[in-house]
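Listed below, chain by chain, are the residues.
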Amino acid sequence: MLRDAQSDQSLYKLATQLGKLWGHPRLADEVSFRTSSRLWRTLGSFRASPNEITIATWLMDGPVVLRDEVFCHEAAHAAVSITFERAVRPHGPEWRDLVAKAGFVPRIRIPVAELPESQQGHLARPSAWEHRCPVCQATRFARIRMSRWRCSGCRALGRSGELVIERVPIPIPVDA
C-alpha cells in the first residue's frame, strides 16, 4: 500500500499528467498504484488483471527523477494494455513511443551505477541456484530453483537422483 497521502497524491498527479500526454485522460482513475517493500530485484511492475502499478517503496524516498522514470515505465505498460485489446510485446514499439513521448529513454533496465548507493549493494550481487548431486557431485546452475531436476547419471544407475539445492554467488568464468 502507499505509505501516505503525499505519496498517493504525487503518483496520482504524475499518472494524470502522463494520461493527458498520451491521450488517456482517465489513466489515473483506471489504474491503482501502490508501493511494496518486497520489490528488491525489480523497481516496479504492472499487472493488467487488476490494472495495478507497484513500485519499490524505497523509490518514494529516492531520487524523484528515478521514481518518475520507473513510474512512467509501468504507466506506459498500463496505457498500452488499456489501448490495445490484442496482445502486444511488453516493451514493443507502442510502449517505447509512450515512454519517449514522456521524455524518458525507453529502457528495460537501469544500470546499478545509476541507483542510490544504499540500493546498489544487494542489486549488484548476482546469485544463482546451485543444484548438486550428493552422490556423484554433478553440478548445474540456474537463475531459479529447479526442484524437479534430477541427476541423470545417478538416475541411469537406478538411484533417485535427487539434488541438493542452495543459493550461491554466480560463478565467474576463469580464462583458460
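Relevant structure appears above.
The structure displayed is predicted, hence computed values, not measured ones. (Residues numbered from 1 in each chain as written. Predicted model: local features only at pLDDT ≥ 70, side-chain atom pairs only at ≥ 80, totals over all residues. Heavy atoms only, no water.)

*Asks:* Kindly report on the pattern of salt bridges, identifying the contributing residues and their values.
*Replies:* A full pass over the atoms with the stated rule returns seven salt bridges. In this structure, Glu52 engages Arg34 in a salt bridge whose closest nitrogen and oxygen atoms are separated by 3.4 Å. Here Arg34 lies in strand β1 (residues 32-36) and Glu52 lies in strand β3 (residues 52-56), a separation of 18 residues in the sequence. Look at Glu52 and you get buried, because its relative accessible area is 16%. The partner of Arg67 in a salt bridge is Asp68, with the nearest N and O atoms 2.9 Å apart. Of the residues examined, Arg67 reaches a relative accessible area of 12% and is grouped as buried. By relative accessible area, which is 18% here, Asp68 ends up buried. Residues joined by salt bridges that share partners form a network here, namely Arg34, Arg47 and Glu52. (Salt bridge = Lys/Arg side-chain N within 4 Å of Asp/Glu carboxyl O. Helix = DSSP H or I, 4+ residues; strand = E, 2+ residues; numbered from the N terminus. Buried < 20%, exposed > 50% of the residue type's maximum accessible area, 1.4 Å probe, protein only.)

*Asks:* Requested: an account of the sheet that holds strand β2 (residues 44-47), with residues and values cited.
*Replies:* Spatially, the three strands line up as an open sheet ordered β1-β3-β2, and their pairing is mixed. Single-partner strands in this sheet number two, and they are β1 and β2. The mean angle between the axes of side-by-side strands here comes to 20°, regardless of whether they run parallel or antiparallel. Note: β1 against β3, five bridges, orientation parallel. Paired with Ser32 across the strands is Glu52, a residue of β3. (Pairing = 2+ DSSP bridges. Axes fitted to C-alpha atoms, helices over the stretch in contact; angles between N-to-C directions.)

*Asks:* Tell me about helix α3 (residues 64-83), and name the residues and values.
*Replies:* Across its 20 residues, α3 extends 27 Å between first and last C-alpha, which sits within 8% of the 28 Å expected from 1.5 Å per residue. Extensive coverage of α3 is indicated by the burial of 15 of its 20 residues. (Expected span 1.5 Å × (residues − 1).)

*Asks:* Summarise the pairing of strand β5 (residues 139-142); cite the residues concerned and give the values.
*Replies:* One face of the sheet, then the other: side chains in a regular strand alternate in exactly this way. Pairing analysis gives four bridges linking strand β4 (residues 127-132) to β5, with the strands arranged antiparallel. Pairing of His131 across the sheet is with Arg140, part of β5. From the end of β4 to the start of β5, which pair antiparallel, there are six residues, and Gln137 there has a positive phi angle of about 70°.

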